[in-house]
Each structure stands twice: as C-alpha cells, then as structure tokens.
Amino acid sequence: MSVASNPIQQRMELLAEKWEAAVSTPGVQIVRIHAEESEKDMVDTFSTYLLGIDTPNRDIPIIFESIYHDDEQYTEALLDELKKLIEIWNTANKDTVSIRTEPIAWEVNYSLIKKDNPAFVFVENMNRLANYLSLGDGIYLVAILRVSFVEPQQFNLWLEYAVKAGMHEKFKLLIYDTSPNPFFDKIAGKFPEEIITLYPELDMGNAMQQVAAMGNPNDPAVQYRQAFIKLMQAIEKRKESDAQQWADNCIDIAYNNLEKNPYWIGQVIAVYAALANDQVGYKNYGKAIRFANEGIDAAQQTKSLIRDEFIYRKFIAQAIMLRASLYTVNKDWELAVKDFETSADHYLFTNDTILAMEACRMAGYCNQKYGDINAACKWLSKAIECSRQIPAHIVKYTTFAGIIEMLIEINNEKFVSREEVEAIAENVYGKDWMKEILNWKKPHYEQVNDPSQAVIGE
C-alpha cells in the first residue's frame, strides 16, 4: 500500500497545504485552526507532524504546554519552557541522529520587559530567535500553544497583548479551538488582518470508513472495523436503532471468531461499553447499566478463554468500572463503592497504575458520599501510593488533583497526614500547587468529578 492511499495521511497533507497558505499570508501573526469535534485528534497530531524531519514542512515549530493562570505567570512559564528546550537541544546526544544539527548559541533574555504589555518579553524573545535562525523564504518559527486555561477571556487578553507586541515576519503563533468551544472567535474577529482562521474540513467520518475498509474484505477484522465505525457514527448522529443494528453485527462477528482467537471477546466488551455510553447521552441510565452488565458477563468469560491472569483481570476491571460510573449517576453509592473497589483491586494486581489510581480515587469519592469517611480516606491513601509510581510530569495531567482536593476537604489524617499530602502536591505542581487543586475541575481542564460526565468521556 502506498503512502498516498492512506486516507489519514492524505488528510494530514491536505491540512499541511492549508497551513502553508495560511502561515504565508502577508501580515498574519497568529494562525487559528478551528476544527470540528471529530477533527480534534487530527489537529493535535498535526502539531507533531510539523516536527517531523520526513515531511515536506520546513518550518521550525516549538510546542509549548504551559498552563495559563495569569498573564505574568504564563509569559514566564513560556520563557522557562523555551530555555529548557534550547538546553535540551544543545546537550542531547547527537550520535544516533542521522542529520547534522548545530547547537543554538542564543539565550533567553528575561529582561526584555515592556510596561503594560505582559506578553512582550516572550514575543520579543521569539522575534530575536527568529532573527538569529536566519530562516529562508517560506520558512517560519512557529510557537504552538497547547495551552490549558480556566478563563478563555483572560487568555484572549494575553493573545491581544501578543498581537500588539508586534511579531517578526518570520515568527508566528499557532492556536486551535473547536466548533463546540470557539474560544478564539472574538479575538479573531477583532484582529482580522493579524489572525487568520483555518478550517480543516477533513471529513473524518468518511476517512474512518476508508480506513476500516482497508485490507481484505473477507477478513473478519476488516468486517468488524467497518461495522464498528458505523456503530460509532450512528451513536454520534443519535440514531439509536442503527447503533443497535451495527452493535449486533459487531458482536456476531466477534463471537463467530472467538474459537479461533479468544481475544475477540475484548471487542464484545468494547461494543457493550459503547452502547452503555450511548444510553448515557439519552439519560437512560437503567438501560446503560443493563448494557454494562452484558459487558461484565462477557468480561467474566475471559477467565476460561484467556490463561493470562493479567489480561483477563484487566478486561474485568474495565467492564466493572464502567458500571460503577453508571451507579454514581443514579447516586447508588453502595453499589458504586463495591464496583470501584473491585476494579481498583484488579488494576492494582495488573500494575495499571494510572487506572488503579483513578479507581481508588472514585472508591474514595463514593465512600465519602456513602458516609464512610474512614473507608474514603483508606482508598484515597491507596490512590496516593499509586501516584508515587507515576512520574510527576505525567501525574499532573491525571485526576490526581481530585485526590488531593478530597483529602484536604475531609481532613482525616488516619491514613495519610496533611503534611504528607501537601508535600506530595508540591512535588507534582510546585509551590503554587493550591491553584491547580482549586482549578482542576473548571473549563478546559477536562478532568471532571461529576461521574456522569466521566462516563461519556470514556
């Protein structure tokens, strides 16, 4: 199969062409990619695509992932990221790299401050870096802002400061939002010459069907992929009867091939999870729980089908945790507690640390709601133990903040002391850890404590 026949690659190249046209438009300082919800993953991947050395793109992208709290904090965080990235570039082992890379004899200057413009020092540093790099025609230094924020309006003000700071013709900012959350509509309208909006228009629904159809049409895996894609599209379009039809198709294919390969049972579990989540969208939680029960029944079959205990316990944990989340929607705390604790035990056994931590967190949450504070703290302390096994730069993007929040709120030191909680939080988030704890559930952070929302996001 040639690269050109890959529908995902085709769309990535289409997006790259649109990018080249947008970034080279005279006077443009910021490129805003405004995507449909179904295009989110492709747009996020596009940032990495720009980094590739085996692509036609010749721009110099730098991905910034700092969280925005306020103007001064964000600007300083961006400069710190830039400084660290240059240090990594200059000190990395080049022996295994096939292309020649020269060190960057340039340093971040924190003193380039301009009164009444908190973004100026970052923009000016990037302007000077662009000048230092002496980029050729059609090549740009691009700051990709993968930013999380609480108040979109505040971050938009920072972007306005960035525009007013004045950008070098070779320096551009890349931001992106989606149709359901058009964070940058107003500022794009306010600066139509400086901010250009790129619409991907990738037709991802058709792309997924094309991907699913790749391969031998008589191959059960191909047939299953096609049916599953149509199931997901029916769910997205809120066509319940069509969703059930394609789900039945998927389950038939999986069971027909179970004797040849017992791992097909995982596809049955996935289908019932999709159907359960679909019913959450209709707020039909009773029916969602019935589908979850079907998924658990399928998962229990793995004990006799798959010898590897680590594998079948992961299947069981996944299925039970979905039902646990549904029980929380109905505020059936006793049943939710039982399921989350069971899931946590399975995940702890299989060393799935992040999922174990989340199951422990929810076991703590539901025990608290059920009125058993000691049990809540016991499970939250287990969640803390799980977090110690996860690198700090990873754990900060999990629901870890929710664990700290509950422990501080409950203030029960039977299993873990307040001092220990604060020390762990500071190790992950730094001295301003309390800001993260206070803000973790607010817009654009996506981690949520409302279990009904968590189910939909599975």
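Structure: above.
Values in this document were obtained by computation on a predicted structure and should not be read as measured data. (Residues numbered from 1 in each chain as written. Predicted model: local features only at pLDDT ≥ 70, side-chain atom pairs only at ≥ 80, totals over all residues. Heavy atoms only, no water.)

**A short note on the overall build of the chain**
Looking only at helices and strands, one finds 20 helices and 7 strands in the chain. Classification of the 458 residues of the chain by burial places 49% in the buried group. The contacts in the chain between residues at least 6 apart in sequence include a share of 69% that link residues at least 24 apart. Here the chain displays about 23,000 Å² of accessible surface, and carbon together with sulfur accounts for 49% of that area. (Helix = DSSP H or I, 4+ residues; strand = E, 2+ residues; numbered from the N terminus. Buried < 20%, exposed > 50% of the residue type's maximum accessible area, 1.4 Å probe, protein only. Contact = heavy atoms within 4.5 Å. Areas by Shrake-Rupley, 256 points an atom, 1.4 Å probe, with all protein chains shown as cover.)

**As for the sheet that holds strand β6 (residues 171–178)**
Two modes of strand pairing occur in sheets, parallel and antiparallel, and in both the strands are linked by backbone hydrogen bonds. In space, the 5 strands of this open sheet follow the order β2-β4-β6-β1-β7, with parallel pairing throughout. The sheet is open, and its two borders are formed by β2 (60–64) and β7 (195–198), each paired with just one other strand. Each strand axis lies, on average, 25° off the axis of its neighbour in the sheet, ignoring direction. Bridging between strand β1 (residues 30–35) and β7 involves 4 bridges; their strand directions are parallel. Note that in β7 the partner of Ile 30 across the bridge is Ile 195. Contacts from helix α2 (residues 40–51) reach β1, β2, β4 (141–145) and β6 within the one sheet, and its direction differs from that of β6 by about 160°. (Pairing = 2+ DSSP bridges. Axes fitted to C-alpha atoms, helices over the stretch in contact; angles between N-to-C directions.)

**Here we look at the side chain of Ser 343**
Positionally, Ser 343 belongs in helix α13 (residues 333–349). When its relative accessible area of 0% is taken as the criterion, Ser 343 is described as buried. There is a polar contact of 3.2 Å between the side chain of Ser 343 and the backbone nitrogen of Met 321. Apart from residues no more than four positions distant in its own chain, Ser 343 is found in contact with Ala 317, Ile 320, Met 321 and Ala 359. (Polar contact = N/O pair within 3.5 Å; in protein donor to acceptor, adjacent residues only side chain to side chain.)

**Re the pairing of β1**
Along any regular strand the residues' side chains alternate between the sheet's two faces. Burial runs high along β1: 6 of the 6 residues are buried. Residues Ile 30, Arg 32 and His 34 point to one face of β1 and Val 31, Ile 33 and Ala 35 to the other, with burial holding for every one of them. As judged from the 6 bridges shared by β1 and β6, these two strands associate in the parallel manner. Bridged to His 34 within β6 is Asp 177.

**Observations concerning α2**
Within α2 the residues assigned to the buried category are Met 42, Val 43, Phe 46, Ser 47, Tyr 49 and Leu 50. For α2, the buried positions fall inside an angular range of 160° around the axis, keeping them on one side. (Arc of directions from axis to C-beta.)

**Here's the deal with the packing of helix α17 (residues 400–410) against helix α18 (residues 418–429)**
Remark: α17 packs on α18, axes separated minimally by 11 Å, with the N-to-C direction vectors making an angle of 155°. With respect to each other, α17 and α18 are oriented roughly antiparallel. Where α17 crosses over α18, the handedness of that crossing is left-handed. On the side of α17, the interface is formed by Phe 400, Ala 401, Ile 404, Leu 407 and Ile 408, while α18 contributes Arg 418, Val 421, Ile 424, Ala 425, Val 428 and Tyr 429. Of the residues that constitute the contact of α17 with α18, the class distribution is 10 nonpolar, no polar and 1 charged. (Parallel < 35°, antiparallel > 145°, perpendicular 65-115°, else oblique. Left-handed = near helix turned anticlockwise from the far one by under 90°. Nonpolar A, V, L, I, M, F, W, Y, C, P; charged D, E, K, R; others polar.)

**Points about unusual backbone geometry**
For residues other than glycine, phi is negative in most cases, and the peptide bonds are mostly trans. Although it is not a glycine, Arg 238 adopts a positive phi angle of roughly 60°. Within the secondary structure, Arg 238 is located in the loop between α8 (220–236) and α9 (240–256). Even without being glycine, Lys 283 reaches a positive phi, approximately 60°. Here Lys 283 is to be found in the loop between α10 (265–281) and α11 (285–305). Given a relative accessible area of 63%, Lys 283 falls into the exposed group.

**Here's the deal with the nonpolar core**
Where a protein is soluble and globular, its nonpolar side chains tend to be buried together. Core analysis: the biggest nonpolar cluster contains 84 residues, and Phe 400 and Ile 404 have the highest contact counts within it. Among residues more than four places away in sequence, those in contact with Ile 404 are Ile 384, Val 421, Ala 425, Trp 433 and Ile 437. Counting 44 residues, the second largest nonpolar core, distinct from the first, contains Ile 62, Phe 64, Leu 135 and Phe 184. (Core = buried A, V, L, I, M, F, W, Y, C linked by side-chain atoms within 4.5 Å.)

**Observations regarding α10**
Taking 1.5 Å per residue, 17 residues should reach 24 Å; α10 reaches 25 Å between its end C-alpha atoms and fits that length. The element α10 is largely enclosed, with a buried count of 14 among its 17 residues. Just downstream of α10 lies Lys 283, where phi reads positive at about 60°. (Expected span 1.5 Å × (residues − 1).)

**Remarks on the packing of aromatic side chains**
Applying the stated criterion across every chain, the model contains 19 aromatic pairs. Taken together, a centroid distance of 6.4 Å and an interplanar angle of 65° make the contact between Phe 149 and Phe 184 edge-to-face. With a gap of 35 residues between them, Phe 149 in strand β5 (residues 148–149) and Phe 184 in the loop between β6 and α6 (185–190) connect regions that are remote in the sequence. A relative accessible area of 1% places Phe 149 in the buried class. By relative accessible area, Phe 184 is classed as buried at 2%. Between the aromatic rings of Trp 333 and Tyr 365, the centroid separation amounts to 6.0 Å while the plane-to-plane angle is 80°, which identifies the pairing as edge-to-face. Highlighted residues: Trp 333 in helix α13 and Tyr 365 in helix α14 (residues 353–370), separated in sequence by 32 residues. We note that Trp 333, like Tyr 365, is buried. Among the aromatic residues, those joined into a cluster by ring pairs are Phe 64, Tyr 68, Tyr 74, Phe 122, Phe 149, Phe 155, Trp 158, Phe 171, Phe 183 and Phe 184. The ring of Phe 349 carries Arg 313 above its face, with NZ or CZ at 4.0 Å from the centroid. (Phe/Tyr/Trp six-rings, centres within 6.5 Å; stacked < 30°, edge-to-face > 60°. Lys NZ or Arg CZ within 6 Å of the ring centre and 35° of its normal.)

**So, the pattern of salt bridges**
Under the definition given, this model contains 18 salt bridges. A salt bridge links Arg 146 to Asp 44; the nearest nitrogen and oxygen atoms lie 3.5 Å apart. Of this pair, Arg 146 sits in the loop between β4 and β5 while Asp 44 is found in helix α2, placing the two residues 102 residues apart along the sequence. The exposure class of Asp 44 is partly exposed, given its relative accessible area of 35%. Between Glu 160 and Lys 164 there is a salt bridge; the shortest N-O distance is 3.0 Å. Taken together, the residues span about one helical turn, with Glu 160 and Lys 164 both in helix α5 (residues 152–165) at a distance of 4 residues. Salt bridges here are not isolated pairs; linked through shared partners, they connect Arg 32, Asp 177 and Asp 185. (Salt bridge = Lys/Arg side-chain N within 4 Å of Asp/Glu carboxyl O.)

Honestly, that's just the spatial picture; any functional story needs more than this.
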